[in-house]
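Results of the structural survey
Here is how the chains run, residue by residue.
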Amino acid sequence: MIGGGWAGCAAAVELAGQGHQVTLFEAARTLGGRARRVDCDGRRLDNGQHILLGAYSTTLRLLKKVGIDKGQALLRLPLQMRYPVGSGGMDFVAPRWPAPLHLVGALLCSRGLERSDKMSLARFSSTARWMGWRLNHDCSVEQLLQRWDQSARMVQLMWRPLCLAALNTPLERASANVFLKVLQDSLGAKRAASDMLLPRVDLSALFPDSAATFITARGGNVQTGAQVARIEADADGRWRIELGAQDKDNNKDKDPTPAHAGYDGIVLATTSRQAATLLGRIPVQPAAAARLMAQLGALEMEAITTCYLQYDVKVRLDHPFFALIDAPDRDHWGQFVFDRGQLDANSHGLLAVVVSASGACASLDRAQLAQAIAQQLAQAFGRPELAQPSWVQVISEKRATFACTPSLERPRNATSWPGLALAGDYTVGDYPATIEAAMRSGVQAAAGLWSNPKNDAETDADADSEKMEAINN
């Protein structure tokens, strides 16, 4: 297992649970990949604030499998889109009624929306259900909203922030079909599927750390600080892994696996960029590898920035999180703000503000961005004290997700190398680059690790079949 992010940990847990002896290599000191714990000035933070959904069935199953108490590790809230009072937003909260009555109740009781806005939302929901939550021909979310006559206010307050939160891609470039799939599994399913789940523990503790314990308890080995430099297939079909410089201090209590040991199979669960690098170094390149390398190279990346602001421990928001109206032309970059003190008793007075698809603010240095966000919070909540945090930390993941554009061709889990599978939130799937997509990919990679690889003709035939099925639907 190469890569200790959520996809790699999911694959490792599945294989270990089946009785396989798993070795997991992770270059960083902390498991979790792009959803992990970081330590800053004595504070334990995440490299990005995440929301899970009740629809994340694979994630919730694997959390239970490794022994996570979901009731304690996650704060479950009903579907909501709430803006600070007086900020010009809305207040939309779904009651705990059976679906789809919970959406009807949220719509009827919502504040800050005109009748035309509510009719716009009702029209979207009914049209999406009638079309089976899928278009025959993919387009951008912006085009979808125009076709379905969504009001400008609903686009600003509902669809744009939801698109950014789910796909981390601006609606002008985001895939309508992927967006509809996320909405189908949440808004279009049972009421609990639309619930929002906020981690009460850091992201590494939420799953990766417990996954490591699960693996080692079954005879496996987890090596952090272990950079894989090269992979190569032996004549007998087994794989050799060449390690680069290792973090010996981090692994001083471990019994490291030999750098050139043979392995029956490999799940390559790194970023798409790192996967392309390692695959490109394999001496024997099947003809189908060129297509895979082209797919990996074509993935464009989007950034996510999280700004942490520490205030007096008595500072508290009225709810665990709020949506914010972003306006880059006025230096209002934040889209959501989370009160970490309502999630973790050790984080009172700490707010986390998320800027999805944050490439537009890359021209600002961290101090400028933090000050702009603090001013935005002060104005949105009408609380001048929020303009003066006592401590700030800005964490940017420049390659947080792939840009989820229309009709994007994503790599499959299976490769043309026997015993080598890919896992990651960028592989083929219904979801955008989310924790659930990573977990599903890891499970699928583990399930198909030793299946017979398909040749180009079979792969192309499958792709054509999928296209015809989409058209017929």
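Sequence order sets the numbering: in each chain, residues are counted from 1 along the sequence as written. Owing to the predicted nature of the model, reporting of local features is limited to residues with pLDDT of at least 70; listing and counting of side-chain atom pairs is limited to 80 or more, with chain, interface and lining totals taken over all residues. Only hydrogens and water are set aside when side-chain values are computed; all heavy atoms of the structure are taken into account.

Side note on the sheet that holds strand E17 (residues 350-356)
We apply this condition: Strand pairing is defined by DSSP finding a minimum of two bridges between the two strands. In DSSP terms, a helix is any run of H or I states spanning at least four residues, a strand is any run of E spanning at least two, and both are numbered starting from the N terminus. In this analysis an axis means a line fitted to C-alpha atoms, helices contributing only their contacting stretch, and an angle means the value between N-to-C directions, from 0 to 180 degrees. By definition in these notes, contact holds between two residues if any of their heavy atoms fall within 4.5 Å.
Spatially, 5 strands are ordered E15-E16-E17-E14-E18 in an open sheet, and the strand pairing comes out antiparallel. Each end of this open sheet is capped by a strand with a single partner; those strands are strand E15 (321-323) and strand E18 (391-402). Sheet twist, expressed as the mean angle between neighbouring strand axes with direction ignored, is 15°. Across 9 bridges, the pairing between strand E14 (residues 301-310) and E18 is antiparallel. Its bridge partner lying in E18, Leu309 is registered against Val392. In the packing of helix H13 (residues 366-381) onto the sheet, contacts are made with E14, E15, strand E16 (336-339), E17 and E18, and the angle to E14 comes to roughly 65°.

Focus on the nonpolar core
The condition that has to hold: Buried residues of nine kinds, namely Ala, Val, Leu, Ile, Met, Phe, Trp, Tyr and Cys, make up a nonpolar core once their side-chain atoms join them within 4.5 Å. The buried label applies to any residue whose accessible area, calculated with a 1.4 Å probe on protein chains only, is under 20% of its type's maximum; exposed applies above 50%, and partly exposed to all values in between.
Ranked by internal contacts, the top residues of the largest apolar core, which has 131 residues, are Trp159 and Phe207. Residues in contact with Phe207, not counting those within four places in the same chain, are Trp6, Cys9, Ala10, Val13, Leu62, Leu63, Val66 and Met439. Residues Val315, Ala370, Ala372 and Val394 belong to the second largest nonpolar core, which totals 25 residues.

Describing empty space enclosed by the protein
Applied cut-off: Buried and open spaces are told apart on a 1 Å grid over the protein atoms alone, a cavity being a set of points where a 1.4 Å probe fits but cannot get out and a pocket being an open set with protein on both sides within 12 Å along at least five of seven lines. Residues with an atom within 4 Å of a point are the lining residues. Grid points are joined across faces, edges and corners, and a volume is the space filled by probe spheres set on the points. For this classification, the nonpolar set comprises Ala, Val, Leu, Ile, Met, Phe, Trp, Tyr, Cys and Pro, the charged set comprises Asp, Glu, Lys and Arg, and every other residue, Gly included, is treated as polar.
Applying the stated criterion across every chain, the model contains 2 cavities of 30 Å³ or more. There is about 70 Å³ of room inside the largest cavity. Put simply, the parts of the chain that give the lining of the largest cavity at least two residues each are helix H11 (272-280) and E18. At 3 residues, the largest contribution of residues to the lining of the largest cavity is made by E18. Counted by class, the lining of the largest cavity contains 3 nonpolar, 3 polar and 4 charged residues. Of the volumes computed, that of the second largest cavity is approximately 50 Å³. Lining the second largest cavity are 11 residues, and of these Thr415, Leu420, Gly448, Leu449 and Ser451 sit closest to its centre. Each residue belonging to the lining of the second largest cavity can be placed in one class, and the counts come to 7 nonpolar, 4 polar and no charged.

Section: the packing of aromatic side chains
Our working rule: Here a Phe, Tyr or Trp ring, Trp counted by its six-membered ring, pairs with any other such ring whose centre lies within 6.5 Å, and the pair is stacked when the planes are under 30 degrees apart, edge-to-face when over 60, and tilted otherwise.
Inspection of the entire model under this criterion finds 9 aromatic pairs. Centre to centre, the rings of Phe124 and Trp148 are 5.1 Å apart; their planes meet at 65°, and the pair counts as edge-to-face. Of this pair, Phe124 sits in helix H5 (residues 115-130) while Trp148 is found in the loop between helix H6 (141-147) and helix H7 (152-167), placing the two residues 24 residues apart along the sequence. Take Phe124 and Trp148: they sit in the same class, and that class is buried. Relative to Phe381, the ring of Phe322 lies with its centre 5.2 Å away and its plane at 85°, an arrangement referred to as edge-to-face. Highlighted residues: Phe322 in strand E15 and Phe381 in helix H13, separated in sequence by 59 residues. In terms of burial, Phe322 and Phe381 fall into one category: buried. Ring-pair connections join several aromatic residues into one group, and the members of that group are Phe124, Trp148, Trp159 and Phe179.

Quick look at unusual backbone geometry
Backbone torsion omega between Ala99 and Pro100 reads 0°, so that peptide bond is classified as cis. Relative to the helices and strands, Pro100 resides in the loop between strand E7 (91-93) and helix H4 (101-109). The phi angle at Ser407 is positive, at roughly 55°, despite the residue not being glycine. With respect to the helices, strands and loops of the structure, Ser407 is situated in the loop between E18 and strand E19 (420-422). By relative accessible area, which is 58% here, Ser407 ends up exposed.

Focus on the pattern of salt bridges
How we decide: A pair is scored as a salt bridge if a Lys or Arg side-chain nitrogen falls within 4 Å of a carboxyl oxygen belonging to Asp or Glu.
Counting across every chain of the model gives 23 salt bridges. Among the salt bridges present, the one from Arg291 reaches Glu409, with a minimum N-O distance of 2.9 Å. Remark: Glu409 occurs in the loop between E18 and E19 and Arg291 occurs in helix H12 (residues 289-298); sequence separation between them is 118 residues. Bridged by salt links that share partners, the residues Arg76, Arg96, Arg191 and Asp195 form one connected network.

Regarding the side chain of Asn47
The test is simple: Polar contacts here mean pairs of N or O atoms no more than 3.5 Å apart (in protein, one a potential hydrogen donor and the other a potential acceptor; neighbouring residues in sequence count only if both atoms are side-chain atoms).
Turning to its location among the elements, Asn47 is positioned in the loop between strand E3 (43-46) and strand E4 (52-53). Polar side-chain contacts of Asn47 include one of 3.0 Å to the backbone oxygen of Arg34. A distance of 2.9 Å separates the side chain of Asn47 from the backbone nitrogen of Arg36, its partner in a polar contact. Setting aside its immediate chain neighbours within four residues, Asn47 contacts Gly33, Arg34, Ala35, Arg36, Val38, Leu203, Thr306, Ile395 and Glu397.

Details of H13
Our working rule: Expected span of a helix, by definition, is 1.5 Å for each gap between consecutive residues, and there is one gap fewer than residues.
Given a rise of 1.5 Å per residue, 16 residues ought to cover 22 Å, and the 22 Å separating the end C-alpha atoms of H13 matches this to within 8%. Looking only at H13, the buried set comprises Leu369, Ala370, Ala372, Ile373, Ala374, Gln376, Leu377, Ala378, Ala380 and Phe381. Taken together, the buried residues of H13 touch E14, E15, E16, E17 and E18. Between the side-chain oxygen at the start of H13 and the backbone nitrogen of Ala367 there is a gap of 3.1 Å, and the oxygen is on Asp365. Two residues or fewer after H13 comes Gly382, characterised by a positive phi angle close to 65°.

With respect to the sheet that holds E4
The strand order across the open sheet built from 3 strands is E4-E8-E5, with neighbouring strands paired in antiparallel fashion. Each edge of the open sheet is held by one strand with a lone partner, namely E4 and strand E5 (74-77). In this sheet, strand E8 (residues 196-199) lies alongside E4 in antiparallel orientation, the contact comprising 2 bridges. In the strand pairing of E8, Leu52 is matched with Leu197.

Honestly, it's all geometry; don't read function into it.
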